[in-house]
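# Notes for the structure review
For reference, the chains in residue letters:
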Amino acid sequence: MKKISNLHIILFLFYLILFFINPSNKLAIVFFFIFYLTLFLMLKETKISAIILYLTSSLIPMGKTYIYKLLDLSFLFGRFPHLRKEYPLGLVRVIQISINDIIFIFIILYFLFLIKENRKQFMKLIKKLDLIDIILFCFFGWNFISNFIVSKNPFFSFYFQKELLKTIFIYFFIKIVLLLNKNYYQSVFLVLIKFFIAAVAFESLLSLYQFFNQSPFGKNIEATHGIELFGKAADEITFYFRPVGTFTHANFLAMWLSTLIFFLIYLFRLKNFKNLSLLILIFFSLLIIILTLSRSAWFSLFICLLFLSFYFEYYKKKVFFPIKYLIYLPIFFLPFISIILDRLLKTIFILNEGGLILRLKQIEEISKLIKISPFFGWGTGQTVVSAIKINPYGIFASQPFEVHNFYLIITAENGIIYLILFFIFLFLVFKKTIFLKDDFSVFYLSMLTNLLIIGLFQPYIFMDLILYFIPFLNFNPSKNEAIKKYI
């Protein structure tokens, strides 16, 4: 445990090294290899070092990239002239073999080795998997089956389920590691704490630099190297760069930070509100969420914080967050108040074309796709292409991007059964969490709810932030003195 206590500093420095040295893909792989050796020599644990390596690489969008054309849009240029400028190559997607993918392959090989070495024990562990695990397996299995049956472009559909596959596999890897040795619970949970502290610190710092630079820095660890065409809709702010960190969009950064901020507050409470570095990190995370201009994150964060305040202040009769710290928030955000107010004021124009009406039209067309193929859907990543082919005069033909609703997308892509399996999984997780009634389960519930609310307005949610904490729901870290000591 003592060796893990400074892990967040090592992780943060590693991210800074990657940023400033700006290595090529091949050199970055060498850096990660050296980093793994450092972890192994420091911790003397192969399994934990592998988990840390995977988590660290998951935020680095580096790798060999290819442009994959889904659909030639030239037949629409005459009807919608703006497409010629915005989509000159047609409807394309980026295909990437990332460093994280390579590390994932090595973890699979290591997992197979573990099975071979612990065959009898592994068979016993399979029987210990609960209903949540079975539904999760069915959830991914149905995805694979539906893509195999209906997708007109199975290579593309299977590729874009790669992240879900990795997340579910790492979840089971962590769970098997914990079941093999219960002594790992403290170490692995502390690893998650240290990783997310370092990751939030780095993403917040990078995003703040991007904000003041008003553009990305062009570093290889950044997913976005250009400034997004922004400000076309009446409810958007023109000539303002929304910081993205290492993510592909500001909304995804806001979703990630607004979820993890509950975890940071939980840790701050574990330290009896006396950890200055955690307090600063919470404040900076809030600032970055504000600067992303993500209204879905603002709304969801407000609702979940309201719930937590009510739960602790009125139900538990405990202090949720000290008022003496909250009074500094207005001062902290004062230099950016004009940006916040401008975004809020422009929200009243959301009924104009490009705002709410655009999304309502997308929902209408997506609903028609679901009615045509309700059982298996159209294949992962195929909704826009399918909508254009069915209705070349519709909203997706003029605005060829996915509808901003995670639940509609997964239903249109893989069918109603897929959505039902997802809801069953959520029901089981909520049920398990609610019955625990400890502080960690309450904050996890807030994290989960935050993601699900944002999913109503965004095409994607971070499944890893849902899954990686599930094995620790029964662990109750709030009563673990070793965890409190080494945060």
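Right, let's walk through the structure included here. In this text, all values refer to a predicted model and were calculated from it rather than measured experimentally.

Now for the overall build of the chain. For the chain, the helix and strand inventory stands at 24 helices and two strands. Since a compact globule built from 487 residues should have a radius of gyration of about 23 Å, the 23 Å found for the chain is in line with a globular shape. In terms of principal-axis extent, the alpha carbons of the chain reach across some 65 × 60 × 50 Å. When each of the 487 residues of the chain is scored for burial, the buried share is 56%. Sequence-distant contacts, at least 24 apart, represent 78% of the contacts inside the chain between residues at least 6 apart. With the model as given, the accessible surface of the chain reaches about 22400 Å², and the carbon-plus-sulfur share is 69%.

One non-glycine residue, Asn22, lies in positive phi territory at about 55°. One non-glycine residue, Leu293, adopts positive backbone phi at about 60°. Tracing the backbone shows Leu293 in the loop between helix H12 (276–291) and helix H13 (295–315). Assessed through its relative accessible area of 0%, Leu293 is described here as buried.

Another aspect to go through is the environment of Tyr460. Mapped onto the secondary structure, Tyr460 falls in the loop between helix H22 (439–454) and helix H23 (463–467). In this structure, the C-alpha to C-alpha distance between Tyr460 and Met62, residues 398 residues apart in sequence, is 20 Å. Excluding residues that lie within four positions of it along the chain, Tyr460 makes contacts with Phe252, Met255 and Phe406.

Take the packing of aromatic side chains next. Under the defined criterion, the tally for this structure stands at 59 aromatic pairs. Where Phe406 meets Tyr407, the ring centres are 5.6 Å apart and the plane angle is 75°; that geometry is what we call edge-to-face. The two residues Phe406 and Tyr407 agree in class, both being buried. Centroid distance Phe422 to Phe423: 6.3 Å. Interplanar angle 40°. Geometry classified as tilted. Given a relative accessible area of 0%, Phe422 falls into the buried group.

Throughout the structure, instances matching the rule amount to one cavity of 30 Å³ or more. As a volume, the largest cavity reaches approximately 30 Å³. For the largest cavity, the full set of lining residues is Leu16, Phe19, Phe20, Phe202, Leu205, Leu206 and Tyr209. The dominant element in the lining of the largest cavity, judged by the number of residues it contributes, is helix H10 (residues 184–213), at four residues. Grouping the amino acids of the lining of the largest cavity by side-chain chemistry returns seven nonpolar, no polar and no charged.

Attention now moves to the layout of surface pockets. Sizing a probe to match a water molecule and rolling it over the atoms shows the empty space that remains. Estimated volume of the second largest pocket: approximately 510 Å³. Lining the second largest pocket are 19 residues, with Leu286, Leu301, Leu305, Leu329 and Phe333 sitting closest to its centre. Of all the secondary structure elements, the ones that give two or more residues to the lining of the second largest pocket are helix H11 (250–270), H12, H13 and helix H15 (329–333). Broken down by element, the residue count for the lining of the second largest pocket peaks at six residues, all from H13.

So, about the packing of helix H3 (residues 46–57) against H10. The contact between H3 and H10 brings their axes to 11 Å, and the two run at 20°. Judged by the inter-axis angle, H3 sits roughly parallel to H10. In this structure, H3 meets H10 at a crossing whose hand is right-handed. From H3, Lys47, Ile48, Ile52, Leu55 and Thr56 reach across to H10, where they touch Tyr184, Ser187, Val188, Val191, Leu192 and Phe195. Of the residues contributing to the contact of H3 with H10, the split by class is eight nonpolar, two polar and one charged.

Among the nonpolar cores identified, the biggest contains 150 residues, and Trp256, Phe263, Phe422 and Phe425 are the most heavily contacted of them. Here the element with the most residues in this core is H10; it accounts for 17 residues. Setting aside anything within four residues of it in sequence, one finds Phe422 in contact with Phe139, Phe406, Tyr407, Ile410, Leu452, Ile461 and Met463.

Its location among the elements puts Glu365 in helix H17 (residues 356–372). No salt bridge is formed by the buried Glu365. Its closest oppositely charged neighbour is Lys368, at 6.7 Å. If sequence neighbours within four positions are ignored, Glu365 has contacts with Ala387, Asn391, Gly394, Ile395 and Phe396.

For Ser446, the position within the fold is in helix H22. Ser446 sits in the buried class, given a relative accessible area of 1%. If we skip the residues at most four places from it in the chain, Ser446 touches Phe262, Cys304, Phe307 and Leu308.

Take the environment of Ile340 next. Relative to the elements of secondary structure, Ile340 occurs in helix H16 (residues 337–346). Once residues lying within four places of it in the same chain are set aside, the contact partners of Ile340 are Ile290 and Trp298.

Taken together, Lys120, Lys124, Lys127, Lys128 and Lys182 make up a surface patch of like positive charges. Locating Lys182 in the fold gives a position in the loop between helix H9 (162–180) and H10. Using a relative accessible area of 66% as the deciding quantity, one classes Lys182 as exposed.

Analysis parameters
Residues numbered from 1 in each chain as written. Predicted model: local features only at pLDDT ≥ 70, side-chain atom pairs only at ≥ 80, totals over all residues. Heavy atoms only, no water. Helix = DSSP H or I, 4+ residues; strand = E, 2+ residues; numbered from the N terminus. Rg over C-alpha atoms; globule rule 2.2 N^0.38 Å. Buried < 20%, exposed > 50% of the residue type's maximum accessible area, 1.4 Å probe, protein only. Contact = heavy atoms within 4.5 Å. Areas by Shrake-Rupley, 256 points an atom, 1.4 Å probe, with all protein chains shown as cover. Phe/Tyr/Trp six-rings, centres within 6.5 Å; stacked < 30°, edge-to-face > 60°. 1 Å grid on protein atoms, 1.4 Å probe; cavity = no way out; pocket = protein on both sides within 12 Å on 5 of 7 lines; lining within 4 Å. Points joined across faces, edges and corners; volume = space filled by probe spheres on them. Nonpolar A, V, L, I, M, F, W, Y, C, P; charged D, E, K, R; others polar. Axes fitted to C-alpha atoms, helices over the stretch in contact; angles between N-to-C directions. Parallel < 35°, antiparallel > 145°, perpendicular 65-115°, else oblique. Left-handed = near helix turned anticlockwise from the far one by under 90°. Core = buried A, V, L, I, M, F, W, Y, C linked by side-chain atoms within 4.5 Å. Lys, Arg positive; Asp, Glu negative; His and termini not counted. Salt bridge = Lys/Arg side-chain N within 4 Å of Asp/Glu carboxyl O. Patch = residues over 30% accessible without salt bridge, like charges linked within 9 Å, V, L, I, M, F, W, Y side chains within 5 Å. Charge placed at Lys NZ, Arg CZ, Asp CG, Glu CD.

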